[in-house]
Each structure stands twice: as C-alpha cells, then as structure tokens.
Amino acid sequence: MSPRRRDSEGTAAARAERRAELLATAAEIFASRGYAATTVREVADAAGMLGGSLYYHFDSKESMIDEILSTFLTDMWAAYDRVLGSGLGARETFQALITESFRTIDQYRPAVVIYQNESKHLVTNPRFSYLLDSQRRFREMWLSVLDRGVLDGAFRADLDTGLIYRFIRDTVWVAASWYRSDGPLSADEIARQYLVMILEGILST
C-alpha cells in the first residue's frame, strides 16, 4: 500500500471517528434538552469545536437527528430479525425480543429517548416517514408473537393481545428514561427481571 493511500485511509478513519463522536454528543444533548430547543452552536460547543466547523460533517441539525435515529432503528431491527429468524417458539421469541430491547436501550439510550420524545413531531416531515414504518412494523411483530403464543397455549387466552402489546411497549421502553449503563443492574439482568414479572401474568397455568 502506498504512503498516500495509507494517509488517505487514516484520514477517512479519523473523520468517521470524529463524526461518530459528534453524533454521540448531539444525541445526548437532543435527549436532555429537546431537539427543537438545541442549536447547532450548542452541539458544537459541547463537542469543543466552532459552530461552522460542524457543517464540515453534517449539513444541518436535521441530518444529525436523522442519522442518530436511523442508525438506532437499523441495529434494533437487525437484532429483532435475528430472533425472528431463529425458529424459536412463541415464549422463547418473546423472551429474546425483550432481552434485545434492553440491549438496544443499553447501546442507544439517548436515541431511544429522542425517538420517544420527538417522533410525533418528526413524522410530519417526509424525511422521517421511516419512523411510522418502524412503529407499524413493531406493533405487527409483537401482536404476531403474542397471537402465536395464545394459539399454541403458551400465553393465556383470556387477555387481550393488543393490551399486552401496549403494556410491553410502554413498560419496557420507558426504561430509557432511567436506565444507566453504569447502574447496579446490567441490561440483561433488567430484562430477566422484567420477564419474570411479565410472564407470571400472561403464561397459561
């Protein structure tokens, strides 16, 4: 490899690393202050750079939140798809999806908070139509797993699966508001304890 090519690849790697750092900084600020209330200058200040320099990496604040959310959702669905394609039974699929949800919160906590707080505003912009697609897909996935569990006798038939879905959605993902990666419980341990609480309520006797 020529010295010029090595220098080029090294520079590209450095740019990619800096870009990831800027996105992480922006995600933390958007999550804590709100997207609309945060300025590009505030993100730049937190990152230790001039406001104009941020535009070397991103053309707008909108581009930053787009990449934050799309990266989080792409990785979340990749994890979910691995579970769904593994041929597990309904109960095991349920357990694995809950575990992957908490792992996603562990890896992308600020992005999850942004998603929860900003989606209803962002979806009015065609650029973020994928948020609605993800919400629809998420609901269909959970209802499919729950309905399958009822049919095969793993889950109680006297509970409404739509209500169970809403309970799971709200109780699991709200954890992003309080979860800390350096807390006393790991993401997997929190998932295990959630599963104990949930499954005792919906498993058939």
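Per chain, residues are indexed from 1 in the order of the written sequence. Side-chain atom pairs in this predicted model are given and counted only at pLDDT of 80 or more, local residue features only at pLDDT of at least 70, and totals for whole chains, interfaces and linings cover all residues. Side-chain numbers come from the whole structure's heavy atoms, not from hydrogens or water.

- The protein chain goes by TetR family transcriptional regulator KstR2 in an unreviewed UniProt entry, where it is assigned to Streptosporangium fragile.

### Regarding the domain arrangement of the protein chain
For step 1, the next point in the chain: Structurally, the protein chain comprises domain 1 (1-58) and domain 2 (61-205).
For step 2, the next point in the chain: Domain segmentation is taken from an automatic or database assignment of domains. The gap between the C-alpha centroids of domain 1 and domain 2 is 29 Å.
For step 3, the next point in the chain: The contact definition used throughout considers only heavy atoms, calling two residues in contact when any of these lie within 4.5 Å. Opposite the 15 residues of domain 1 that make contact, domain 2 presents 13 residues.
For step 4, the next point in the chain: In what follows, salt bridge is the name for a side-chain nitrogen of Lys or Arg lying within 4 Å of a carboxyl oxygen of Asp or Glu. Run the count over domain 1 and domain 2 and you get two salt bridges.
For step 5, the next point in the chain: One salt bridge in this structure joins arginine 19 and glutamate 67, with 2.5 Å as the shortest N-O distance.
For step 6, the next point in the chain: In the analysis that follows, any N or O atom pair within 3.5 Å is treated as a polar contact, provided that within protein one partner can donate a hydrogen and the other can accept it, and provided that, for residues neighboring in sequence, both atoms belong to side chains. Where domain 1 touches domain 2, the interface holds five residue pairs in polar contact (both at pLDDT 80 or more).
For step 7, the next point in the chain: Runs of H or I in DSSP of at least four residues are treated as helices and runs of E of at least two as strands, each being numbered from the N terminus. Of all the secondary structure elements, the ones that give two or more residues to the side of domain 1 that touches domain 2 are helix H1 (3-33) and helix H2 (40-47).
For step 8, the next point in the chain: When residues of the side of domain 1 that touches domain 2 are assigned to their parent elements, the largest contribution, seven residues, is made by H1.
For step 9, the next point in the chain: Here the side of domain 1 that touches domain 2 is built from residues that sort into 11 nonpolar, two polar and two charged. Under the scheme applied, nonpolar residues are Ala, Val, Leu, Ile, Met, Phe, Trp, Tyr, Cys and Pro; charged residues are Asp, Glu, Lys and Arg; polar residues are all the others, including Gly.

### Things to note about the side chain of threonine 161
For step 1, the next point in the chain: One can find threonine 161 in helix H6 (residues 161-173).
For step 2, the next point in the chain: Among all residues touching threonine 161, those that are not within four sequence positions of it are Leu143, Leu146, Asp147 and Val150.

### Section: helix H4 (residues 90-122)
For step 1, the next point in the chain: To estimate the expected span of a helix, count its residues, drop one, and scale the result by 1.5 Å. Between its terminal C-alpha atoms H4 stretches only 34 Å, short of the 48 Å expected from 33 residues at 1.5 Å a residue.
For step 2, the next point in the chain: Here the bend at a residue means the angle between the axes of two seven-residue stretches, the one that ends at it and the one that starts at it. Maximal helix bending in H4 amounts to about 100°, located at tyrosine 108; proline proline 110 follows within four positions.

### Here we look at the packing of H4 against H6
For any two helices packed against each other, one specifies the inter-axial angle together with the distance between the axes.
For step 1, the next point in the chain: Axes here mean lines fitted to C-alpha atoms, for a helix over just the part in contact, with angles spanning 0 to 180 degrees between N-to-C directions. Axis separation between H4 and H6 bottoms out at 9 Å; the angle between their running directions is 55°. One way to sum up the angle between H4 and H6 is to call them oblique. For the pair H4 and H6, the sense of crossing is right-handed. Residues Phe94, Ile98, Ser101, Phe102, Thr104, Ile105, Val112 and Gln116 of H4 form the contact with H6, whose own contacting residues are Ile168, Val172 and Trp173.
For step 2, the next point in the chain: Considering only residue class, the contact of H4 with H6 consists of eight nonpolar, three polar and no charged. When describing relative orientation, an angle under 35 degrees is termed roughly parallel and one over 145 degrees roughly antiparallel, while 65 to 115 degrees is termed roughly perpendicular and anything else oblique. Crossing chirality is assigned from the near helix's rotation relative to the far helix, an anticlockwise turn below a right angle marking it left-handed and a clockwise turn marking it right-handed.

### Here we look at the layout of surface pockets
For step 1, the next point in the chain: Here a cavity means grid points, on a 1 Å grid over the protein atoms only, where a 1.4 Å probe fits yet cannot get out; a pocket means an open set of points with protein on both sides within 12 Å along at least five of seven lines; lining residues are those with an atom within 4 Å of a point. Grid points are joined across faces, edges and corners, and a volume is the space filled by probe spheres set on the points. The calculated volume of the largest pocket comes to roughly 420 Å³.
For step 2, the next point in the chain: Together, 17 residues line the largest pocket, and Tyr115, Gln116, Gln135, Phe138 and Arg169 are the ones closest to its centre.
For step 3, the next point in the chain: Those elements that provide at least two residues to the lining of the largest pocket are helix H3 (61-84), H4, helix H5 (129-151) and H6.
For step 4, the next point in the chain: Looking at the lining of the largest pocket residue by residue, the classes come out as eight nonpolar, four polar and five charged.
For step 5, the next point in the chain: Of the pockets and cavities examined, the second largest pocket occupies roughly 250 Å³.
For step 6, the next point in the chain: Lining the second largest pocket, in full, are Ala20, Leu23, Ala24, Ala27, Glu28, Glu67, Ile68, Thr71, Gln107, Tyr108, Pro110 and Ala111.
For step 7, the next point in the chain: Among the secondary structure elements, those contributing two or more residues to the lining of the second largest pocket are H1, H3 and H4.
For step 8, the next point in the chain: No other element matches the five residues that H1 contributes to the lining of the second largest pocket.

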